[in-house]
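Listed here are the chains, written in short residue letters.
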Amino acid sequence: MKQVTLIPGDGIGPEITEAVKAIFEAANVPVKWEEENAGQTTFDSIGELIPQTLIASLEKNKVALKGPITTPVGKGFKSVNVHLRQKFDLHSNVRPAKTTKGIDTRFDNVNSVLFRENTEGLYSGLEMFDERLQISDSVARITRTGCQKIIRSAFEYAKKHGCKKVTAVHKANILKGAGALFLGVFNDIAKEYPGIEADDKIIDNMCMQLVVKPEQFDVIVTTNLFGDILSDLCAGLVGGLGVVAGANIGDDMAIFEAVHGSAPDIAGKGIANPTALLRSAIMMLHHLELKDEAYRIEAALEATLANKEECTGDLGGKANTMEFARNIISKL
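Counting from 1, residues in each chain are numbered in the order their sequence is written. Reporting of local features is limited, given that this is a predicted model, to residues whose pLDDT is at least 70; pairs of side-chain atoms are given and counted only at 80 or more, and all residues count toward the totals for whole chains, interfaces and linings. The basis for the side-chain values is all heavy atoms of the structure; hydrogens and waters are excluded.

Asks: Break down a nonpolar patch on the surface for me, citing the residues and quoting the values.
Replies: On the surface, Met208, Val211 and Val212 cluster together to form a nonpolar patch covering roughly 280 Å² of accessible area. Structurally, Val211 can be placed in helix H7 (residues 203-212). A relative accessible area of 46% means that Val211 is categorised as partly exposed. Exposure above 30% relative accessible area and no salt bridge define the residues that can form patches, which grow by joining like charges within 9 Å and nonpolar side chains of Val, Leu, Ile, Met, Phe, Trp and Tyr within 5 Å. Computed with a 1.4 Å probe, the accessible areas rest on the Shrake-Rupley method; for each residue, only the protein chains presented here act as cover. A pairing counts as a salt bridge when a side-chain nitrogen of Lys or Arg comes within 4 Å of a carboxyl oxygen of Asp or Glu. The secondary structure listing takes helices from DSSP runs of H or I that are at least 4 residues long and strands from runs of E that are at least 2 residues long, numbered from the N terminus. For every residue, the accessible area obtained with a 1.4 Å probe (protein chains only) is divided by the maximum for its type, and the residue is called buried under 20%, exposed over 50%, and partly exposed between those limits.

Structure follows, in structure tokens:
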């Protein structure tokens, strides 16, 4: 039995978490949940954004599944997601984007995985504000070690999964320091993987290429801010944030998460789509080497998604959250 920290999150988080728990129970997945929460919910109830009980649980279990957590825009507390990534050096944010039968999009052959550096860059938290001059500075700190970790993770994934190409995304033509460091490390590491094609794209060109011919990309690796933007763009190619998985992976810990927001406008209505969190949970099962359970749940999910009537409203169906979960369960 594998023990996993479960973080339901805010808004629709608890609802989609219950759906995933029900599917895991029906599939007899050997996982024992240790539930701890964070964010607005815990702040309102106990005055702590990230309780020490959650930190202790993560340090003990080393694996977690996390629902969406609210982060105020331009005010309030620091992102819980960013804090956890930096505290535990979860250097690799991994986001697959694959076309799914039954989910209508403009493209029908997307199959890429994006590796986003997760702990530094413009999200390092190095910000200064001059009140007198009304000038704000945000520093994009890039380290050779950080570049090496994310780029090697991308190439190792490509090697393990038989991917043909790794593409580095940068802005080295303008960001002469940070961009050159990232691209230089990429070119050095690429030489260690002669069987994998390596190329690079400038970020603005990459955005255009993704919406013109996304099938040309396999594994993509980039820095924190560019990865944050590109991962949502890639999600849009395959149906949106509600259907893609995400993982934050470090050397000895991994937190798998729903990448969409907490959607407070529909919280409590029982209509949220749990697909993103379920797909993240399936990634978690592969990480835990529970591959039979992962493939079984994935097959049931894919069969359900292929039938619109069995899906939630955002996918064109009429099912509520738990009805959708029961439809998946019926196909296990």
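Asks: Could you give an account of the environment of Asn273, with specific residues and numbers?
Replies: As for its placement among the helices and strands, Asn273 is situated in the loop between strand S12 (254-258) and helix H9 (275-287). Asn273 has contacts with Ile16, Gly242, Val243, His260, Thr312, Asp314, Leu315 and Phe324, leaving out every residue within four places of it along the chain. Two N or O atoms form a polar contact when they lie within 3.5 Å of each other; inside protein one atom must be a possible hydrogen donor and the other a possible acceptor, and for residues adjacent in sequence the pair counts only when both atoms belong to side chains. A polar atom in the side chain of Asn273 sits 2.7 Å from the side chain of Thr275. Among the polar contacts made by the side chain of Asn273, one reaches the side chain of Asp314 at a distance of 3.0 Å. Here a residue-residue contact requires only that any non-hydrogen atoms of the pair lie within 4.5 Å.

Asks: If you had to explain the packing of aromatic side chains to someone new, which residues and values would you point to?
Replies: A pair of aromatic rings is counted whenever rings of Phe, Tyr or Trp (Trp by its six-membered ring) have centres within 6.5 Å, and the orientation is called stacked for planes under 30 degrees apart, edge-to-face for over 60 and tilted otherwise. Per the counting criterion, the structure on display carries four aromatic pairs. Each ring, one from Phe155 and one from Phe186, has its centre 5.5 Å from the other, and the planes form 40°; the classification is tilted. Note that Phe155 is positioned in helix H5 (residues 144-161) and Phe186 in helix H6 (residues 178-190), a separation of 31 residues in sequence. Each member of the pair, Phe155 as well as Phe186, is classed as buried. Put simply, the rings of Phe155, Phe186 and Tyr193 touch in pairs and so form one group of aromatic residues. Look at NZ for Lys and CZ for Arg. If either is within 6 Å of the ring centre and within 35 degrees of the ring normal, a charge sits over the ring. Between the NZ or CZ atom of Lys87 and the centre of the ring of Phe88, over which it lies, the distance is 5.8 Å.

Asks: Got a sec to walk through the pattern of salt bridges? Specific residues and values, please.
Replies: Under the defined criterion, the tally for this structure stands at 15 salt bridges. When the shortest N-O distance is used, the salt bridge between Arg116 and Asp228 registers 3.6 Å. On the criterion of sequence distance, the pair formed by Arg116 in strand S5 (residues 111-117) and Asp228 in helix H8 (residues 224-237) is long-range, its members being 112 residues apart. With a relative accessible area of 3%, Arg116 lands in the buried category. Between Arg152 and Glu192 there is a salt bridge whose closest N-O contact spans 2.7 Å. Highlighted residues: Arg152 in helix H5 and Glu192 in the loop between H6 and strand S9 (197-202), separated in sequence by 40 residues.

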